[in-house]
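Listed here are the chains, written in short residue letters.
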Protein chains: 2
Amino acid sequence: MAQFKIQLTLAFDGSAYHGWQSQRSGRGVQDAVQAALGKLLGRPVTVVGSSRTDAGVHARGLVAHVEMDAETLSIPLGHLPLSINALLPDDIRVISAIRKPASFHARFDASGKQYRYRVWNHPAMNPLLRSQAWHVPRPLDLAAMREAAAMLVGRHDFRAFTSNRGDLLEDGVRTLTRCEIRRKGAEITFLIEGSGFLYKMCRCIAGTLVQTGEGRFAPADVGRMLDGRDRKKAGMNAPAHGLVLWKVYYKK
Amino acid sequence: MAQFKIQLTLAFDGSAYHGWQSQRSGRGVQDAVQAALGKLLGRPVTVVGSSRTDAGVHARGLVAHVEMDAETLSIPLGHLPLSINALLPDDIRVISAIRKPASFHARFDASGKQYRYRVWNHPAMNPLLRSQAWHVPRPLDLAAMREAAAMLVGRHDFRAFTSNRGDLLEDGVRTLTRCEIRRKGAEITFLIEGSGFLYKMCRCIAGTLVQTGEGRFAPADVGRMLDGRDRKKAGMNAPAHGLVLWKVYYKK
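Model, not experiment: these values are computed from the prediction.

Colleague: How should I be thinking about helix 5 (residues 219-228) of chain B in this particular structure?
Modeller: Turn by turn, an α-helix covers 3.6 residues, leaving residues three or four places apart pointing in a common direction. All names here are of chain B. Three or more residues of helix 5 are buried, namely Pro219, Val222, Gly223, Met225 and Leu226. End-on view of helix 5: buried residues confined to an arc of 155°, all on one side of the axis. Counted as exposed and oriented over 90 degrees from the buried face of helix 5: Arg224 and Asp227. Along its buried surface, helix 5 packs onto helix 3 (142-152), strand 7 (154-157) and helix 4 (201-213). Of the residues trailing helix 5, Arg229 is marked for its positive phi of about 55°.

Colleague: Sorry, what's going on with the pattern of salt bridges here?
Modeller: Should the charged atoms of two oppositely charged side chains come close, the side chains can pair. Residues and elements named next belong to chain B. Scanning the entire structure with this criterion turns up 26 salt bridges over all chains. Where Arg229 meets Asp157, a salt bridge forms, and the shortest distance between an N and an O atom there is 3.6 Å. Linking Arg229 in the loop between helix 5 and strand 10 (243-250) with Asp157 in strand 7, this pair joins segments that are 72 residues apart in sequence. Judged by its relative accessible area of 10%, Asp157 falls in the buried class. Measuring nitrogen to oxygen at the nearest pair gives 2.9 Å for the salt bridge that ties Arg224 to Asp221. Taken as a pair, Arg224 and Asp221 lie in helix 5 at a separation of three residues, close to a single helical turn. Among the residues examined, Arg224 registers a relative accessible area of 54% and is labelled exposed.

Colleague: What should I look at first to understand the packing of aromatic side chains in this one?
Modeller: The relation between two aromatic rings is expressed through the spacing of the ring centres and the mutual angle of the planes. Per the counting criterion, the structure on display carries ten aromatic pairs over all chains. Ring centres of Phe158 of chain A and Phe161 of chain A lie 6.2 Å apart, and the angle between their planes is 70°; on these two criteria the pair is classed as edge-to-face. Considered together, Phe158 of chain A and Phe161 of chain A belong to a single accessibility category, that of buried residues. Ring centres of Tyr115 of chain B and Phe197 of chain B lie 5.0 Å apart, and the angle between their planes is 80°; this geometry places the pair in the edge-to-face category. Remark: Phe197 of chain B occurs in the loop between strand 9 (187-194) and helix 4 and Tyr115 of chain B occurs in strand 5 (residues 110-120); sequence separation between them is 82 residues. Overall, Tyr115 of chain B belongs to the buried group, its relative accessible area being 9%. Judged by its relative accessible area of 18%, Phe197 of chain B falls in the buried class. Joined through ring pairs, the aromatic side chains of Tyr117, Trp134 and Phe190 of chain A make up one cluster. The ring centre of Trp246 of chain A lies 4.1 Å from the NZ or CZ of Arg116 of chain A, which sits over that ring.

Colleague: I keep staring at the interface of chain A and chain B and nothing clicks. Help me out?
Modeller: How big an interface is tends to be reported as the loss of accessible area on association of its parts. The interface of chain A with chain B comprises 22 residues on the first partner and 22 residues on the second. Together, the buried faces of chain A and chain B total about 1800 Å²; carbon and sulfur atoms form 61% of this surface. A per-residue breakdown of the area chain A buries against chain B is headed by Pro127, Leu128 and Arg130 of chain A, which together make up 35% of the total. Counting across the chain A and chain B interface gives four salt bridges. Asp90 of chain B is paired through a salt bridge with Arg130 of chain A; the nearest N and O atoms lie 3.2 Å apart.

Colleague: Help me understand the relation of the copies chain A and chain B, please; the structure alone is not making it clear to me.
Modeller: Think of it as a corkscrew move, a rotation about one axis and a shift along it, taking one chain copy to the other. Placing chain A over chain B gives an RMSD of 0.0 Å and needs a rotation angle of 180°, together with 0.0 Å of translation along the axis. Such values leave the two copies arranged in the relation of a two-fold axis. Both copies contact each other with a shared surface, as 100% of the interface residues of chain A are interface residues in chain B too.

Colleague: Mind showing me how you'd approach the environment of Glu170 of chain A here?
Modeller: Residue and element names in this part refer to chain A. As for its placement among the helices and strands, Glu170 is situated in the loop between strand 7 (154-157) and strand 8 (173-184). Among the residues examined, Glu170 registers a relative accessible area of 79% and is labelled exposed. A sequence separation of eleven residues divides Glu170 from Arg159, and the C-alpha atoms of the two residues are 9.7 Å apart.

About the criteria used
Residues numbered from 1 in each chain as written. Chains lettered and ligands numbered in written order. Predicted model: local features only at pLDDT ≥ 70, side-chain atom pairs only at ≥ 80, totals over all residues. Heavy atoms only, no water. Buried < 20%, exposed > 50% of the residue type's maximum accessible area, 1.4 Å probe, protein only. Helix = DSSP H or I, 4+ residues; strand = E, 2+ residues; numbered from the N terminus. Arc of directions from axis to C-beta. Contact = heavy atoms within 4.5 Å. Salt bridge = Lys/Arg side-chain N within 4 Å of Asp/Glu carboxyl O. Phe/Tyr/Trp six-rings, centres within 6.5 Å; stacked < 30°, edge-to-face > 60°. Lys NZ or Arg CZ within 6 Å of the ring centre and 35° of its normal. Buried area = accessible area lost by both parts, 1.4 Å probe. Least-squares fit on C-alpha atoms with pLDDT ≥ 70 in both.

As structure tokens, then:
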């Protein structure tokens, strides 16, 4: 029985990893965090994450928890990030560590998540963003994309926007609270926030919006995609490396 | 004799290079651009850059020129970036190519340059910026830094702020037109613009400003550094990987 839990907020460059989740290959971000924390605590630990992320997806604020017995934490909690970071590879960082009651669960208690998807929209890619943005060379119609994005906001069955087989999925209903498109020069950022997300849902939304911007779909088509609940009717999955898990929300 | 010149605007991630300038090792950005363009044109070419950049420094808008005879350019100029980019490694990109008179010179005609230096000011580094920002973990006094920055703006002898030996330097006088400090969360950007820069001058300015923010120097010390013209009295050189050559200006 845990006496308490530690909530970790993590940032990582996902380029070198097969996603958050622990892998037999050891190439999950979770493996690296567990190894560093295990070394620090002198015992094997399980770090439970708020989210599985796909291979190549990044994080600015993934939340995770670790079960703790009071006696195993020999350093002040405020020093924990520095100590773990010294043991982690430089593509993973613990941003903060706070104490939570034993009942806290990083995944089950999450009330919402914010993702950001970045596109570089210029004929030539920006080399400094090549591992963090999707290169879309052709001009995009942002007005059409914003119209399409607005249709996705709200409570919908997002079955058409997931790579889970829709016919096997019991409940595809999710609530999107924000789907905003920001442009700054050639850099376009989608801010996608919701109570929960289906498998690859963010990447399918980003891909569909870009294809709307390219004229492949009309904004109204996006409403029809939702209604049709058929993955084959929605757009492509945007590549993983443009996606960042930005923030995880908890009640209170 | 060149009939005309082509002006190239280049962006690169400098992490893997020993600076812009051609190296015996072949690890200059210039070497890679010359190899790609030479392949495209079917003859050896020299690409003259606006600026030498240090090893590890990045660029968003380095300008270069290439001498051309009308008959050697068999593709439309507008297609040139795409064609060169297909031959370049993905950490270098040609953003644009325009025609210039034979008299144009990328270095001698430059009337000014803008550099940006990025700092990540948080106890934990942002892994997504680890090759593009200097990690400064301690809190910085931005008001003091801005006061110091204001002292650097204008026409001064910047001998104290270069890694050339000051006593060997004939003319250390340069004009800084902007030295602004922008903060967005943990990200601090120095925007440094001037008519010309001494060797490592931007990195010495960024390092001195950060050390001012840490309380190592008072803002007034920075004025005294300028007056003293002694490199030993100014602050440290900030690491190369935080610096980006952002833009090169030309008259007209």
